[in-house]
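# Descriptive structure summary
Next come the chains, spelled out residue by residue.
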Amino acid sequence: MSVHKTTDPLLEEIQGPTPRQILRGRVMGHAGLLFGLGVVFLLVIIAILAPVLAPHDPYVQDLANRMVKPVFMGGTWEHPLGTDHLGRDYLSRLIYGARVSLLIGAVAALISGVIGTAMGVAAGYFGGKVDAVVTFLINVRLAMPVVLVALAVVAILGGSLEVVIGVLGLLLWDRFAVVMRASTLQVRRREYVHAAQAIGASTPRVILSEIMPNIANNLIVIVTLEMAHAILLEAALSFLGLGVQPPTPSWGLMVSEGKNMMLFEPWLVLIPGIVLFVLVLAINLMGDGLRDVTAPENRS
Amino acid sequence: MLPFILKRLGLALLVAFTVSFISFSLLFLAGDPAVALAGETASGEDIEALRRLYGFDRPMLVQYGEWLWQALQGDFGESYYFKLPVATLIGDRLSVTMTLGVCGITFALLTAVPLGVVAAIRPNSIIDRFALFVSVAGQAMPSFWFGLILIVVFGIQLGWLPPSGASTWRHFIMPTIVLGYYAMPAIMRLTRAGMLEVLNSDYIRTARAKGASEGRVLFKHALRNAIIPVVSLAAVQMGFMLGGSIVVESVFALHGAGYLAWESIARNDLPTVQALILIFSMFYIIFTFLADVLNAWLDPRMRSS
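Quick look at the structure, then. None of the values given here were measured: they were computed from a predicted structure. (Residues numbered from 1 in each chain as written. Chains lettered and ligands numbered in written order. Predicted model: local features only at pLDDT ≥ 70, side-chain atom pairs only at ≥ 80, totals over all residues.)

## Regarding the overall build of chain B
Just so we agree on the cut-off: Strands here mean DSSP runs of E at least two residues long; helices mean DSSP runs of H or I at least four residues long; both are numbered from the N terminus. To sort residues by exposure, count the other C-beta atoms lying within 10 Å of each residue's C-beta; 20 or more gives buried, 12 or fewer gives exposed, and values between give partly exposed, all with C-beta atoms placed from the backbone. Two residues qualify as being in contact provided that their C-beta atoms, derived from the backbone, are within 7 Å of each other.
The helix and strand inventory of chain B stands at twelve helices and zero strands. The order of α-helices and β-strands along chain B, N terminus first, is α-α-α-α-α-α-α-α-α-α-α-α. Taking the principal axes of its C-alpha atoms as reference, chain B extends roughly 85 × 60 × 30 Å. With 305 residues in all, chain B has 39% of them scored as buried. Within chain B, residue pairs in contact and separated by at least 24 positions form 73% of the contacts whose partners lie at least 6 positions apart.

## Topic: the overall build of chain A
Helix and strand counts for chain A come out as 13 helices and zero strands. Along chain A, helices and strands appear, N-terminal first, in the series α-α-α-α-α-α-α-α-α-α-α-α-α. The principal-axis extent of the C-alpha atoms belonging to chain A is close to 75 × 60 × 30 Å. Counting across all 300 residues of chain A, residues that qualify as buried make up 44%. When contacts within chain A are restricted to residue pairs at least 6 apart in sequence, those whose partners lie at least 24 apart make up 70%.

## Considerations on the environment of Pro-162 of chain B
Residues and elements named next belong to chain B. Secondary-structure assignment places Pro-162 in the loop between α7 (143-157) and α8 (173-199). The partly exposed category is assigned to Pro-162, around which 18 C-beta atoms lie within 10 Å. Between the alpha carbons of Pro-162 and Phe-172 there is a distance of 9.1 Å; along the sequence they are ten residues apart.

## What about the packing of helix α7 (residues 146-157) of chain A against helix α11 (residues 203-239) of chain A?
Residue and element names in this part refer to chain A. Filter applied, for reference: Axis lines are fitted to C-alpha atoms, over the contacting stretch for helices. Their N-to-C directions set the angle, which ranges from 0 to 180 degrees. Each angle gets one of four labels, with under 35 degrees taken as roughly parallel, over 145 as roughly antiparallel, 65 to 115 as roughly perpendicular, and the rest as oblique. Helix crossings get a hand from a simple test, with the near helix turned counterclockwise from the far one by less than a right angle marking a left-handed crossing and a clockwise turn marking a right-handed one. Amino acids are sorted into nonpolar (Ala, Val, Leu, Ile, Met, Phe, Trp, Tyr, Cys and Pro), charged (Asp, Glu, Lys and Arg) and polar (every other residue, Gly among them).
As a packed pair, α7 and α11 sit with axes 11 Å apart at the nearest point and diverge in direction by 55°. Considered as vectors, α7 and α11 are oriented oblique to each other. Every pair of crossing elements has a handedness; the one defined by α7 and α11 is right-handed. Side by side, α7 and α11 meet where Val-146, Val-147, Ala-150, Leu-151 and Val-154 of the first sit next to Leu-233, Ala-236 and Leu-237 of the second. By residue class, the composition of the contact of α7 with α11 is eight nonpolar, no polar and no charged.

## Points about the environment of Asn-65 of chain A
Checked against the element boundaries, Asn-65 of chain A lands in the loop between α4 (50-53) and α5 (90-126). Considering only alpha carbons, one finds Asn-65 of chain A and Arg-88 of chain A, 23 residues apart in sequence, at a separation of 8.3 Å.

## Details of the interface of chain A and chain B
Counting from both sides, the interface comprises 34 residues of chain A and, opposite them, 36 residues of chain B. Of all the secondary structure elements, the ones that give two or more residues to the side of chain A that touches chain B are α6 (128-143), α7, α11, α12 (251-259) and α13 (267-294) of chain A. If you tally residues by element for the side of chain A that touches chain B, the top one is α7 of chain A, at nine residues. Considering only residue class, the side of chain A that touches chain B consists of 29 nonpolar, four polar and one charged.

## Side note on unusual backbone geometry
Residues Pro-246 of chain A and Pro-247 of chain A are joined by a peptide bond in cis, for which omega reads 5°. Looking at where Pro-247 of chain A falls in the secondary structure, it is placed in the loop between α11 and α12. With a phi close to 55°, Lys-83 of chain B is a non-glycine residue in the positive phi region. Inspection of the secondary structure assignment puts Lys-83 of chain B in the loop between α4 (60-72) and α5 (86-121).

## A look at the nonpolar core
Just so we agree on the cut-off: Connectivity within a nonpolar core runs through C-beta atoms within 7 Å, and the core itself is a set of buried Ala, Val, Leu, Ile, Met, Phe, Trp, Tyr and Cys residues.
Membership of the largest hydrophobic core comes to 162 residues, with the highest contact counts inside it found for Leu-148, Ala-150, Leu-151, Leu-168 and Ala-236 of chain A together with Ile-187 and Leu-276 of chain B. Contacts of Ala-236 of chain A, omitting those with residues within four sequence positions, involve Val-147 and Gly-252 of chain A together with Pro-142, Phe-144 and Val-247 of chain B.

## Re helix α10 (residues 214-252) of chain B
Residue and element names in this part refer to chain B. Just so we agree on the cut-off: A helix's residues, less one, multiplied by 1.5 Å, set its expected span. To obtain the bend at a residue, axes are fitted to the seven residues ending there and to the seven starting there, and the angle between these axes is taken.
For α10, which comprises 39 residues, the first-to-last C-alpha distance of 44 Å sits more than 12% below the rise-based estimate of 57 Å (1.5 Å per residue). Considering bend angle alone, the principal kink of α10 is centred on Leu-223 and spans about 45°. In the stretch just after α10, Ala-253 is the one whose phi turns positive, near 50°.

## What to know about α6 of chain A
The end-to-end C-alpha distance of α6 of chain A is 23 Å, a good match for the 22 Å that 16 residues give at a rise of 1.5 Å each. Every buried residue belonging to α6 of chain A is among Val-134, Ile-138, Val-140, Arg-141, Leu-142 and Ala-143 of chain A, and all of these are buried.

## Thoughts on the packing of α11 of chain A against α12 of chain A
Residues and elements named next belong to chain A. Contact geometry of α11 with α12 gives a least axis separation of 7 Å together with a crossing angle of 35°. In this structure, α11 meets α12 at a crossing whose hand is right-handed. Counting all contacts with α11, which are made through Glu-234, Ala-235, Ala-236, Leu-237, Ser-238 and Phe-239, the residues of α12 involved are Trp-251, Gly-252, Leu-253, Val-255 and Ser-256. By residue class, the composition of the contact of α11 with α12 is seven nonpolar, three polar and one charged.

## Describing the environment of Arg-93 of chain B
Residues and elements named next belong to chain B. Mapped onto the secondary structure, Arg-93 falls in helix α5. What makes Arg-93 buried here is the crowd of 22 C-beta atoms within 10 Å. Residues Arg-93 and Ala-257, 164 residues apart in the sequence, show an inter-C-alpha distance of 5.0 Å.

Right, dumping it as C-alpha cells:
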C-alpha cells in the first residue's frame, strides 16, 4: 500500500479528511456542545411525550395532599417531586412546564429571527439609506427597557401564551439585526456575489442563494442565544405575575408560587429554578459550541 | 472631535424623541383610559366627564405634543393610583435604583475585569476555566431565582444579611450581587478577548524586548488598550441594568423606581408607566452617548465611524 503514499500534494489533499469528517471530529471533541445538544434533545423529547411521561394530571388539585415532600426528602414515589400548595403533582407540572418554556423560546426566537434577519440583511446588502434607517431602529429598540415594555404590554393585553410569545418576538430582534447586518457586510463584496450579480441573478436570488447560506452559521448561533433569552424573560415575567397566567404550568410561575412557602419548603423554589437554569445553560452551550465548530476563528 | 460629538448628540436626540413617541403610544394600545380610570361601576356620563377632564377626546398627536412639552419641563402628569405628581413619585424612588445600578456595575467591573485579565494571561489554565464557568453560569441564572436563593441562605438560614428592604447599606449587598452578576459575564468575556488580542500584538513584544517589567507590560501597555471596549460595554450594561432592576427590586422589596414600575403596571397606572419607560430609556441613551464620546476621546480612530 506504500505505493499510494506519494508526496504529491494534490493526492494528499484528496486523501485527507473531508470537510464533513472535520466537522464531525470537531463536534465529537466539543464537550460543551455535546452536553448542550444532549440536554436540549432530552427536554424536547420530554416536552413532546409529556402526556405519556407525567405521572399525574398537572392541573388536578388534591387539597388533602398539599406540599407533600419529594422522595429524597422523605416523601413517597406516589409524588416523586412532591406536590405544590394546591396538591398538584410537582413532577407533572415540571414536565408540562418544559412545553411552555420550549414553545415560547422557539416561537419567540423564530418571530424575532425573521424580523431581525430581514432588517439586518437588507441593511447590509443595500447600505445607504436602508442601512441608516435600520441602524436607527436598532438604536431605538436598544434604548427601550425590554422587561418594562414587555410587562406593560402584557398587562395591557392580558397574560396568555400567545401574547407573551408575540411581545417577546417583537422585542428580541435587535441582536439578529446587528449580527446579520455585520455578516452581510462581510459577504456582499465577495467574488461569488459579484459573479451572481454579473450573470444577471435577481436581487432576491442573490440574497437567498448566495448571501444567506454563507451567513447561516451566525444566524443559528443567534437563534439559540435569543431562545435562551426568551425563556429567561418568560420566566421573569411569569414570576412577576405578568406573564403566563395560572394554572398554566410555567417554571417561572412555579418559582413565584413556591416563594411564599420558601422558608419552610425551599425545594418548591429550588427545583423549577434548577431545571430552568439547566435548560438555559444547555441552550447557551449549544450556541457557543455551534459557533466554535462552524467558525472557530470567531471564538472569543 | 466636535463634529463627532454633535453628530452623535443629534442621533441621541432623535432616538430619544422616537422612544418618547412609542412610550406615549402605549396608552392608546390600552384602549380607552377613561374607562379604566372610572372603574367598572361608572356610568357612561362619568366616563364622558373623565374623558373631557383628562383631554382623552382630543386627537392622539395633540395629546402627545402636550405630554411631551410638559415632560420636557419635568411634569409627567398625575399618577392614577397614588394621586401624586408622577415626577415627585419617581424622583423619590430613583435614588434607590441609581444606588443599586452604580453598586451593581461596580461589583460587575471589580469581579469581571481582574478575572478576565488573569484568564487571558493564562489561557486554558484552571483560572481561565473557572472564569468561563462563572460567566456561562451567570448567563443562564434566572436573576429572580438567584435572589431568592441568596435570601434563603444568607438572609434566613445564616442570618448574615437583611432579607428585604432598603434602610441600610447592608440591604443593598444581595441585590448588588444579583444585579452585578447579570452584567458580569459579558464584561468578563470582552476583557479576556481584548487582553488576549492585545497580548499577541507587536507593541507588547516590543515592550517586553525593551526589558519592561511584566507588571508594566500588563497594566501600562496591555490593559489600557484592552479596556477601551469594556468602557462602552459597561455603559450599555448600566442602561440594561436599570431596566433589569425591576426584577431585582421586586424580589428584595427594594422600593426603587423598578419596584414602582412593577406596582404601577400591576395597577394600570399608565402615566407612571409611560414616564418610567421614558426615563429608563433616557438613562440608556445618555450612558451610551457618554460612552461613545469617551471612546472617541480615548481612541481617535473611533471618531470617523
